[in-house]
Amino acid sequence: MKIHEKYINRCIQLAQNGLGRTYPNPVVGSVIVHKDRIIGEGWHRKAGEPHAEVNAVNSVKDKSLLKTSVIYVSLEPCSHYGKTPPCSNLIIDSGIKKVVIGTVDPFSEVSGKGIKKLFDAGCEVIVGVREAACRDLNKRFFTFHTKNRPYVILKWAESADRFLSPVPQSITNDEEKRLPVWISTNYSKQLVHKWRSEEQAILVGTNTAVADNPKLNTRLWAGNDPVRVVLDRQLRIPKDSHLFDDSIKTLILSENSSERRSSENVIFETVDFSRELPVQICEILYKHEIQSVIIEGGRQTLQAFIDANCWDEARVFTGKVHFKEGTKAPDLSGRLLSQEIISSDILKIYSND
């Protein structure tokens, strides 16, 4: 099994190249090996384009070697016709007789069917190599299809004395009131923009939208902008805010959504603020086929997701600044996955398990 793990690890590495670019599809990597030598590699680059197995097969120069080769793939090959033909058919038609799969696909159109098709065609199929790592690779996809909600990531930066922001009274200039208060360094800020490019949506509460006038895009990193999601119970966010610039798809969740007309890129959705918000938010995002969301604030919104136990991962920066008083950081209990220093910031990542 060690040799299989080696090549599935390579599949995982390749798949990560597609993170943030393949929605609603999963990220997948594939490797073709002949006599312990890689002769082909591929990954799924973008929804609607060839899948990982197709790119791997197409990269093999001498196709006659396929009949005596092994194909490795991080996720079960598809068996249905979508925007592209089934990859299980391609494997069979290519004459490949041995297939090693990281994990079964949870999507109902595929789950187990691709494996069965390969078995029925006489292929030797090995399933479950580095399975936990392959499931983690597609944690967004798995959460969406097994829990019927997006994968929820909480993110915030707190001062060394655990405040999100200073007291508002310390800001006197009107223009400065709509500028964010930065706690973390520019290096951490750029990392956050990289994260944004990897997730399908980003959500903030009303107070954050009003106080900071955020753009919620990936201007500091090359990648796709996430869908912007904003809570605005009483439609208090000024109409000249960046969130209404029509540059990015934006969902406004409000009690009074009928008072505003949706446009092509700004869509109003109704929520009942007297009921548990995180559940309703996840239902709306699921309806819009959003597989992952970063919750970036404010404190009340973050704490609501924590209190509802509706989160999967938390990414917390701690800066050097001291505020002494202000908006307290959320109270979180989770398993610490990692800790690292980024310039003068400390980044801790927690898992809710």
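If you look the protein chain up in an unreviewed UniProt entry, it shows as Riboflavin biosynthesis protein RibD from Salinimicrobium flavum. Its UniProt record gives the protein chain the following Function (unreviewed entry) comment, quoted word for word: "Converts 2,5-diamino-6-(ribosylamino)-4(3h)-pyrimidinone 5'-phosphate into 5-amino-6-(ribosylamino)-2,4(1h,3h)-pyrimidinedione 5'-phosphate."

Caption draft 1: Region of interest: the pattern of salt bridges. Under the counting rule described, the total for this entry stands at 17 salt bridges. Residues Arg149 and Asp312 are paired through a salt bridge, measuring 2.8 Å at the closest nitrogen-oxygen approach. Residue Arg149 is located in the loop between helix H6 (139-147) and strand S6 (151-158), and its partner Asp312 is located in the loop between helix H10 (299-307) and strand S13 (313-318); the two are separated by 163 residues in the primary sequence. Taken as a pair, Arg149 and Asp312 share a single burial class, namely buried. Linking Arg299 and Asp331 is a salt bridge whose minimum nitrogen-to-oxygen distance equals 3.5 Å.

Caption draft 2: Summary view of helix H9 (residues 277-287). By the burial criterion, the buried members of H9 are Leu277, Pro278, Gln280, Ile281, Cys282, Ile284 and Leu285. The first or second residue beyond H9 is Glu289, which carries a positive phi of 60°.

Caption draft 3: Quick peek at empty space enclosed by the protein. Under the counting rule described, the total for this entry stands at 1 cavity of 30 Å³ or more. Roughly 90 Å³ of volume is contained in the largest cavity. If you go around the largest cavity, you meet 13 residues; those closest to its centre are Leu19, Tyr23, Val27, Asn138 and Arg140.

Caption draft 4: The arrangement of the pairing of strand S3 (residues 70-75) in detail. Most of S3 is tucked away, with 6 of its 6 residues classed as buried. Where strand S1 (residues 29-34) meets S3, 4 bridges bridge the pair, whose relative direction is antiparallel. When the sheet's bridge partners are listed, Ile32 is paired in S3 with Ile71. Looking at chain direction, S3 and strand S4 (residues 98-103) are connected through 5 bridges and run parallel. Across the sheet, Val70 pairs through a bridge with Lys98, a residue of S4.

Caption draft 5: Layout of the sheet that holds strand S2 (residues 37-43). The mixed open sheet is built from 5 strands, whose spatial order is S2-S1-S3-S4-S5. Two strands in the sheet have a free side with no partner beyond their single neighbour: S2 and strand S5 (124-127). On average, each strand axis in the sheet is inclined to that of its neighbour by 15°, with strand direction left out of account. Most of the contacts of helix H4 (residues 113-120) go to S5, to which it runs at about 150°, and overall it touches S4 and S5.

Caption draft 6: Expanded view of the side chain of Thr143. Note on placement: Thr143 falls in helix H6. Classification of Thr143 by relative accessible area gives buried; the value is 7%. Only 2.7 Å separates the side chain of Thr143 from the backbone oxygen of Lys139, close enough to count as a polar contact. Setting aside residues up to four positions removed in sequence, Thr143 forms contacts with Asn148, Arg149, Pro150, Tyr151 and Asp312.

Caption draft 7: View of the sheet that holds S13. In space, the 9 strands of this open sheet follow the order S11-S10-S9-S8-S12-S6-S13-S16-S15, with mixed pairing throughout. Where the open sheet ends on each side, the last strands, each with one partner, are strand S11 (266-270) and strand S15 (335-342). Neighbouring strand axes in the sheet, compared pairwise and without regard to direction, differ in orientation by 20° on average. Running over the sheet, helix H7 (residues 186-198) touches S6, strand S8 (201-204), strand S12 (292-295), S13, S15 and strand S16 (345-351) and is turned about 165° from S13.

Caption draft 8: Examining the environment of Ile39 more closely. With respect to the helices, strands and loops of the structure, Ile39 is situated in strand S2. Exposure remark for Ile39: the relative accessible area of 14% places this residue in the buried category.

Caption draft 9: Local environment of the side chain of Thr250. Position of Thr250 relative to the elements: it lies in strand S10 (residues 250-254). Classification of Thr250 by relative accessible area gives buried; the value is 0%. Side chain to side chain, Thr250 and Arg228 meet in a polar contact 3.0 Å long. At 2.9 Å, the side chain of Thr250 forms a polar contact with the backbone oxygen of Ile248.

Caption draft 10: Here's a closer look at the layout of surface pockets. Taken as a whole, the second largest pocket spans an internal volume of roughly 520 Å³. With 3 residues, H6 is the largest single contributor of residues to the lining of the second largest pocket. Residues belonging to the lining of the second largest pocket are distributed by class as follows: 13 nonpolar, 9 polar and 5 charged.

Caption draft 11: Just the pairing of S13, in detail. The element S13 is extensively covered by neighbouring structure, given that 5 of its 6 residues are classed as buried. Pairing between S6 and S13: 6 bridges, direction parallel. Residue pairing for S13: Lys155 is matched across the bridge by Arg315. Taken together, the 6 bridges between S13 and S16 define a ladder with antiparallel strand orientation. By the bridge assignment, Phe317 is partnered in S16 with Leu347.

The rules behind these values
- Residues numbered from 1 in each chain as written.
- Predicted model: local features only at pLDDT ≥ 70, side-chain atom pairs only at ≥ 80, totals over all residues.
- Heavy atoms only, no water.
- UniProt positions renumbered as here; feature names shortened; annotations may be inferred.
- Salt bridge = Lys/Arg side-chain N within 4 Å of Asp/Glu carboxyl O.
- Helix = DSSP H or I, 4+ residues; strand = E, 2+ residues; numbered from the N terminus.
- Buried < 20%, exposed > 50% of the residue type's maximum accessible area, 1.4 Å probe, protein only.
- 1 Å grid on protein atoms, 1.4 Å probe; cavity = no way out; pocket = protein on both sides within 12 Å on 5 of 7 lines; lining within 4 Å.
- Points joined across faces, edges and corners; volume = space filled by probe spheres on them.
- Pairing = 2+ DSSP bridges.
- Axes fitted to C-alpha atoms, helices over the stretch in contact; angles between N-to-C directions.
- Contact = heavy atoms within 4.5 Å.
- Polar contact = N/O pair within 3.5 Å; in protein donor to acceptor, adjacent residues only side chain to side chain.
- Nonpolar A, V, L, I, M, F, W, Y, C, P; charged D, E, K, R; others polar.

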